[in-house]
Amino acid sequence: MRCARSVILLPLLLLTGCPTKAKLDFDGSTQSDGSADETPTTPTLQITSPIDGTYIKGTLTVTVTATGGKAPATVSLLVDAATNPIATATAPSPYGFSWDTSAVAEGAHTLVAKAIVAGQTITSAPITVNVDRTAPSVVATTPTTGATDIVLRAPITVTFSEAIAKSSLTSSSVTLKIAGTAAATTVNLSSDGTTATIAINDLTSFALPAVFAITLAATITDLAGNALVPLTAAWSWTVPDFIGYGSVSGFGFSLSDVNLAVTSSFRPVISYADLYVNSSGGVEYHILHVQSSDGQSWTDLGPAPVGDGGLSPSLALDTNDQPVLAWSVSPSSGSNSQIYVSTRTAAGWNTALTPTDSAGNAGNATSPIVRLDPTGLPVVGWLQQVTGLGGYEDIFLTRWTGSQWTSSPGELGLSGITSFDLVVDTQGNPSVGWHSSNMTGVDTFKVTTKLVGPSMAATINPTLGLDGMSEPLIVATSGSTVFVDTLVGGVWQQLIPSSIPASGTAANFKLRVGPDHNPVVGWIDSGQLAFARWTGDVWDTRAGLFSQGGSVGGFDLVVDSQGTAWFAGTDGASKVFALMSNY
């Protein structure tokens, strides 16, 4: 029986082959039996150093890594699709190469690693290497060397001929000295690496006028490591305490009702009323003017389209820096004054806007204030006598829709108002500060909802600003001191614990808010201008008292988008002046 069984198995073994057992490797893994039907894994090549886009000026070290399958015996490095390699390295992986770039032209070059495995050519993904042996240089500076009358808050920039290594451009490699003393700065590099912006950390730490000078260190390099070419001349400029824009003379008896606006290119625009009198000294008429400055001279944009009866102009600038003017037309015999608004285009004054609507009230309309909403459309407030109800003065508000004046908010429902101020937030919501004989208050409109703030004892004419949350700020007095108040939980509180540092003879306060949301307050003291800027810690009053030469009769204050304070006013000699303060 055993013999028979053996005889039967022998032919079967001859047909199928003798079974084998997979061999164990020393680490316990199994080895292939080397069967011809298994395909070897092809390795992958990758240039792992340098990274794609690298800049180099000398010898470059290149590393190639092989992964998967058996590492090639040799790997070649090729440049710009050349057939002949610049170098060859032998196993094991990683493979190291040294490429001297001094013999190739400056510019972008392509590197590829190549190997032959089992008769098959394999290559890596290409990378780009930029060869740069040219030193960077400064091609432009702002301000320019030797410039005068420079705005302190204007950007300080330096432009390079090529991208600069960010790691080499720091506050220690850019030194700013003001009047010979080093000032702390923050340096930022543009996304393309070609322009550096230098910001002064503390604008209150020095006196003006002063010479500003910047030194660029030799440690500044381009992306390839080439050192910056030194400047051929010292980079310095002068920053004055004030920059005057000259004055405008009237043709009549006196100038009044000065308004100021500043364009997006930081040029002043003014409006004013020119009063003409007859031989007996009686008022005959007013002519309203709007003038703009290019920094060198004033250009009259032509009398506003009001004939000779315009009063109390108010000025704003639209999104194209074109003037928007509101005014009261003095009544002719037997009629009441109305409020008009006109916008200006390149072709001249636009008279398409109809007179503002006061819901049929026939009393005199005076003292307009025009502001613009975020879309550039006018929002106008004014005082008007309300007939049939004792003839008291109330405030009216309206806005232009593009085709007509709205009937809301309309009349505020106040009585005995003698003056007011108007601000509009970034959503187009108006806030009105008002003054009567015995109190001051603020009414705010949020869309269609009217929010009436608590009143306070009337001491000075209201002047408003908006904080960072678009909540109203107002200049208020407590005894003989003057504060900036804010509305918190329905109660007026001092925004800043310390009072505005004005003397007891200060008057005509103007409140504005800078781009940092800190208040700037201006006033007249003994015929001269003064202002204080809240820094977040103290009131900065370094400007002291100033004027354009004469006694200031009235003024307007603007704080522009850079935080610079501008003033326009009358100098008491039938002239209107404009100046900018670097404090």
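Scroll up for the structure.
Throughout what follows, the structure given in this document is the object of discussion. Everything quoted here is computed from the prediction, not taken from an experiment. Per chain, the residues get numbers from 1 upward, laid out in the order the sequence is written. Where local features are concerned, this predicted model is filtered to residues with pLDDT of at least 70; where side-chain atom pairs are given and counted, the filter is 80 or more; whole-chain, interface and lining totals use all residues. In computing side-chain values, all of the structure's heavy atoms are included and hydrogens and water are not.

### Comments concerning the overall build of the chain
Next up, step 1: Helix and strand labels come from DSSP, where a helix needs a run of H or I of at least four residues and a strand needs a run of E of at least two; each type is numbered from the N terminus. Counting its secondary structure elements, the chain contains one helix and 46 strands.
Next up, step 2: Burial analysis of the chain (583 residues in total) assigns 44% to the buried set. Throughout, exposure labels follow a simple rule: accessible area from a 1.4 Å probe, protein chains only, divided by the maximum for the residue type, with under 20% read as buried, over 50% as exposed, and the rest as partly exposed.

### Re the pattern of salt bridges
Next up, step 1: One speaks of a salt bridge when a side-chain nitrogen belonging to Lys or Arg is within 4 Å of a carboxyl oxygen belonging to Asp or Glu. A full pass over the atoms with the stated rule returns six salt bridges.
Next up, step 2: Here D425 makes a salt bridge to K446, at a shortest N to O gap of 3.8 Å. Here the residue D425 occupies a position in the loop between β31 (417–424) and β32 (430–436), and K446 occupies one in strand β33 (residues 439–446), the gap between them amounting to 21 residues.
Next up, step 3: On the accessibility criterion, D425 (7% relative accessible area) is buried.
Next up, step 4: Residue K446 is classed as partly exposed on the basis of its relative accessible area of 23%.
Next up, step 5: Among the ionic pairs, D540 bridges to R542, the shortest N-O distance being 3.0 Å.

### Side note on the pairing of strand β29 (residues 392–399)
The side chains of a regular strand alternate between the sheet's two faces.
Next up, step 1: Of the pairings in the sheet, the one linking strand β28 (residues 378–386) to β29 comprises eight bridges and is antiparallel in character. Bridge pairing in β29 places V386 opposite Y392.
Next up, step 2: Here β29 pairs with strand β30 (residues 410–411) via two bridges, running antiparallel. Of the residues in β30, the one forming a bridge with F396 is E411. Whether two strands pair comes down to DSSP finding at least two bridges between them.

### Considerations on the sheet that holds β29
Next up, step 1: Spatially, four strands are ordered β27-β28-β29-β30 in an open sheet, and the strand pairing comes out antiparallel. The strands lining the two open edges of the sheet, one partner per strand, are β27 (365–372) and β30.
Next up, step 2: Where β27 lies against β28, six bridges are found, and the strand directions are antiparallel. Residue R371 lies in a different strand from β28, and its bridge partner there is V379.

### Describing empty space enclosed by the protein
Next up, step 1: Cavities and pockets were defined on a 1 Å grid built from protein atoms only: a cavity is a group of points that admits a 1.4 Å probe but offers it no way out, a pocket is an open group of points flanked by protein on both sides within 12 Å along at least five of seven lines, and a lining residue is one with an atom within 4 Å of any such point. Grid points are joined across faces, edges and corners, and a volume is the space filled by probe spheres set on the points. Here the structure, examined in full by the defined rule, presents one cavity of 30 Å³ or more.
Next up, step 2: Roughly 50 Å³ of internal volume is contained in the largest cavity.
Next up, step 3: Throughout this entry, Asp, Glu, Lys and Arg are counted as charged residues, while Ala, Val, Leu, Ile, Met, Phe, Trp, Tyr, Cys and Pro are counted as nonpolar. The remaining residues, Gly among them, count as polar. A class-by-class count of the residues in the lining of the largest cavity yields eleven nonpolar, no polar and no charged.

### Focus: the sheet that holds strand β16 (residues 210–216)
Next up, step 1: With antiparallel pairing, the four strands of this open sheet are ordered in space as β13-β12-β16-β17. Whereas interior strands pair on both sides, the edge strands pair on one side only; in this sheet they are β13 (181–183) and β17 (235–239). The average undirected angle you get between the axes of adjacent strands in this sheet is 30°.
Next up, step 2: The sheet contact formed by strand β12 (residues 174–178) and β16 spans five bridges and is antiparallel. Looking at the pairing, T175 lines up with T215 of β16. The angle between two axes is taken between their N-to-C directions and runs from 0 to 180 degrees, where each axis is a line fitted to C-alpha atoms and a helix contributes only its stretch in contact.

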